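# Tertiary structure, described
As a plain string of letters, each chain reads:
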Amino acid sequence: QVQLVESGGGLVQAGGSLRLSCAGSGRTFTNYAMGWFRQVPGKEREFVAFITWSGGRTAYADSVKGRFTISRDNAKNTVYLQMNSLKPEDTAVYYCAARFGDPTYYTRSTAYNLWGQGTQVTVSS
């Protein structure tokens with residue numbers, strides 16, 4: 001069974017840090033681009049970060065640029081999201097997503113065809 005499983009979410013105070021992990025299983029994700037999205041109740045899923053299959057290029061939403069870092073370890077079939085200087089507005093369920101190859105429109109949730117179940121991140125003020 002092919003799946004992505006996120007972990008590392010939790011409750012943190014504003015200014016703190018968390019590192020999310022997304023572990024893939026059931027296949028090798030070496031040739032898959034990966035993305036992180038987040039969603040709060042009543043709002044659409046929002047792009048957070050993207051990394052190409054090779055790891056050679058990354059991209060971020062303006063709201064997290066300079067605070068979040070996406071990386072991947074293809075030997076471990078895992079992608080990470082290091083989140084620093086967290087703010088209350090970062091509170092959301094965070095999802096990782098995958099697709100074969102590098103999508104053109106990587107900020108769109110429809111560009112990805114495999115999703116994890118999500119992990120809650122709560123930042124208190």
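Here's what I pulled together on the structure shown here. Since we're looking at a predicted model, the values are computed, not measured. (Residues numbered from 1 in each chain as written. Predicted model: local features only at pLDDT ≥ 70, side-chain atom pairs only at ≥ 80, totals over all residues. Heavy atoms only, no water.)

Turning next to the pairing of strand E4 (residues 32-39). The element E4 is extensively covered by neighbouring structure, given that 7 of its 8 residues are classed as buried. With 8 bridges connecting them, E4 and strand E9 (residues 92-100) associate as antiparallel partners. In the strand pairing of E9, Gln 39 is matched with Val 93. Between E4 and strand E5 (residues 46-51), which pair antiparallel one after the other, the connecting turn spans 6 residues, and Gly 42 there sits at a positive phi close to 85°. (Buried < 20%, exposed > 50% of the residue type's maximum accessible area, 1.4 Å probe, protein only. Helix = DSSP H or I, 4+ residues; strand = E, 2+ residues; numbered from the N terminus. Pairing = 2+ DSSP bridges.)

This part is about the state of the cysteines. All told, the structure shown has 1 disulfide when counted by the stated rule. Linked covalently through their sulfurs, Cys 22 and Cys 96 form a disulfide whose S-S length is 2.0 Å. Handedness here is read from the sign of the S-S torsion; for Cys 22 and Cys 96, about 55°, the answer is right-handed. Of this pair, Cys 22 sits in strand E3 (residues 18-25) while Cys 96 sits in strand E9; the two residues are 74 residues apart in sequence, bridging distant segments of the chain. In terms of burial, Cys 22 and Cys 96 fall into one category: buried. (Disulfide = S-S within 2.5 Å.)

Note that all results are geometric; they support no functional claim without further evidence.
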